[in-house]
Amino acid sequence: MNSEKETFQQRNFIQKSFFYRFSQFVGFLLGARFFVAVLLIFALYVSTFFLFNQDENFRKFVFDFKVHGIIFCTVLTILAGGIINQFYDFEKDHVVKPFRTRIQSFIKQKYFLYAYLVLSLISLGVAWMISHNVFAFFVVYQFFMWFYSHKLSRILVLNNLTFVSLTLYPFFGMMVYYETFSKKVLLMAVFLFLILLCIDIVKDTLTKSVDKAFGYTTIPNYFKSRNTKTIIVSLLIITMAVSMKLIMKTGIAGFMAYYFTAGLFIFILCVYLILNHTRKSNFVTLNILRIWVFIGIIAMLLNGLEGKL
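Residues numbered from 1 in each chain as written. Predicted model: local features only at pLDDT ≥ 70, side-chain atom pairs only at ≥ 80, totals over all residues. Heavy atoms only, no water.

Right, let's talk about the side chain of Gln 142 for a bit. Mapped onto the fold, Gln 142 is located in helix α8 (residues 132-150). Residue class for Gln 142 comes out buried when judged on its relative accessible area of 10%. A polar side-chain atom of Gln 142 sits 3.3 Å from the main-chain carbonyl oxygen of Ser 120. Filtering out sequence-adjacent residues up to four positions away, Gln 142 remains in contact with Thr 77, Ser 120, Ser 123 and Leu 124. (Helix = DSSP H or I, 4+ residues; strand = E, 2+ residues; numbered from the N terminus. Buried < 20%, exposed > 50% of the residue type's maximum accessible area, 1.4 Å probe, protein only. Polar contact = N/O pair within 3.5 Å; in protein donor to acceptor, adjacent residues only side chain to side chain. Contact = heavy atoms within 4.5 Å.)

With that out of the way, let us pick up the pattern of salt bridges. Side-chain pairs of opposite charge can arise where the charged atoms are in close proximity. By the definition in use, this model includes two salt bridges. A salt bridge links Asp 200 to Lys 203, with the shortest nitrogen-to-oxygen separation between them at 3.4 Å. Here Asp 200 and its partner Lys 203 are both found in helix α10 (residues 183-206), three residues apart, which amounts to about one turn of the helix. Residue Asp 200 is classed as buried on the basis of its relative accessible area, which comes to 3%. Given the relative accessible area of 29%, Lys 203 is considered partly exposed. (Salt bridge = Lys/Arg side-chain N within 4 Å of Asp/Glu carboxyl O.)

Moving on, we get to the nonpolar core. Ranked by size, the top nonpolar core spans 80 residues in total, and within it Phe 138 and Leu 236 carry the most contacts. In terms of residue count, α10 provides more of this core than any other element does, 13 residues in total. In this view, Leu 236 contacts Cys 198, Phe 267, Cys 270, Val 271, Ile 274 and Leu 289; residues no more than four positions away in its chain are not counted. (Core = buried A, V, L, I, M, F, W, Y, C linked by side-chain atoms within 4.5 Å.)

Moving on, we get to the packing of aromatic side chains. Scanning the model with the defined rule gives 16 aromatic pairs in all. Pairing Phe 191 with Tyr 259 gives two aromatic rings, centres 6.2 Å apart and planes at 80 degrees, and the pair type is edge-to-face. On the criterion of sequence distance, the pair formed by Phe 191 in helix α10 and Tyr 259 in helix α14 (residues 254-276) is long-range, its members being 68 residues apart. Its relative accessible area of 4% is what places Phe 191 among the buried residues. Overall, Tyr 259 belongs to the buried group, its relative accessible area being 6%. When the ring of Tyr 259 is compared with that of Phe 260, the centres are 5.3 Å apart and the planes differ by 70 degrees; the resulting orientation is edge-to-face. One aromatic cluster in this structure is built from Phe 191, Tyr 259, Phe 260, Phe 267 and Trp 292. (Phe/Tyr/Trp six-rings, centres within 6.5 Å; stacked < 30°, edge-to-face > 60°.)

Before going further, it helps to examine the environment of His 150. Along the chain, His 150 turns up in helix α8. Taking the C-alpha atoms as reference points, His 150 and Phe 87, 63 residues apart in sequence, are found 9.5 Å from one another.

Looking at the protein as a whole, the pLDDT averages 81, with 79% of positions reaching at least 70. In the model of the protein, helix α1 (residues 2-31) stands out as the element of lowest mean pLDDT, 49, in contrast to helix α13 (residues 225-249), which has the highest, 92. Contacts from residues 8-16, a stretch scored under 50 in pLDDT, to residues over four places away or in other chains number zero contacts. (pLDDT = per-residue confidence, 0-100.)

The subject of this paragraph is the packing of α8 against helix α9 (residues 158-178). At a closest axis distance of 11 Å, the pairing of α8 and α9 adopts a crossing angle of 160 degrees. Here α8 is positioned roughly antiparallel relative to α9, judged by the angle of their axes. When you trace α8 past α9, the crossing you get is left-handed. Contacts between α8 and α9 involve Phe 137, Val 140, Tyr 141, Phe 144, Met 145 and Tyr 148 on the former and, on the latter, Asn 159, Thr 162, Phe 163, Leu 166, Tyr 169, Pro 170 and Gly 173. Here the contact of α8 with α9 is built from residues that sort into ten nonpolar, three polar and no charged. (Axes fitted to C-alpha atoms, helices over the stretch in contact; angles between N-to-C directions. Parallel < 35°, antiparallel > 145°, perpendicular 65-115°, else oblique. Left-handed = near helix turned anticlockwise from the far one by under 90°. Nonpolar A, V, L, I, M, F, W, Y, C, P; charged D, E, K, R; others polar.)

Further remarks concern a nonpolar patch on the surface. A contiguous nonpolar patch, built from Leu 39, Phe 42, Ile 291, Phe 294 and Ile 295 and spanning about 410 Å² of accessible area, is present on the exposed surface. Of all the secondary structure elements, the ones that give two or more residues to the nonpolar patch are α2 (34-52) and α15 (279-308). The leading source of residues in the nonpolar patch is α15, at three residues. For Leu 39, the location among the structural elements is in helix α2. Since its relative accessible area comes to 36%, Leu 39 is described here as partly exposed. (Patch = residues over 30% accessible without salt bridge, like charges linked within 9 Å, V, L, I, M, F, W, Y side chains within 5 Å. Areas by Shrake-Rupley, 256 points an atom, 1.4 Å probe, with all protein chains shown as cover.)

Written out as structure tokens, the structure reads:
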């Protein structure tokens, strides 16, 4: 009888231990924004090969270890940035993201900081081995990742502009690396900047009261609701104008032409939802814009494959 009881207790202990370790692993992935990093890396590879890289064939691109090294450093920097951001936003996330915070509670905050330091140092070490210019590029990237979480995320307008700029920073690096400067690339960069800015401001409308309580000065909790709505709608209209410019003036074709044309209707829908200005309509708008960014990456991939084959 005692033997059966001991066996049951051992099995129960193993199950609890497995659950605890698994929860720690999931908590770390969520804390490091792993899934966001995966999406960004996918977008980086697609844009690098099909947009910035105009001359290299696929074989040469695959064996361009400098590019893979830069993207590897970008992955580590994004993961480190996600960790330091959740460290500073820990109290706010308790209210806004209770499930994620509960999962992250399986890991002590000091271990997140250790992971942040390790990831940052490995990234800088690899960057140094690639070149001094790449090293300087990632020093700047990591500094502003930390400075955004520490200070800029609480400052009106700067929080949104810095967040979007940091998201696009690796793409800018690849554009400089390949020296791909054209009207089409510039307009696509402006388009992406505007749509990400819209996403960030709409996201802030959903956490308006919590942001104010924890000292984050955002557009929705600083301006009146009517003014916030006007800002978002204006940005969406400007994004539509950029889309039309891309369609008519850059000779863009294939899947990307369909993407930007369909985007006009998507943005009209978003304007309609924003004018309703309910929490539900803002939530729907946020997810529509996020999905549209992802569809844009897929459209770029299909357009590139069509052009290369």
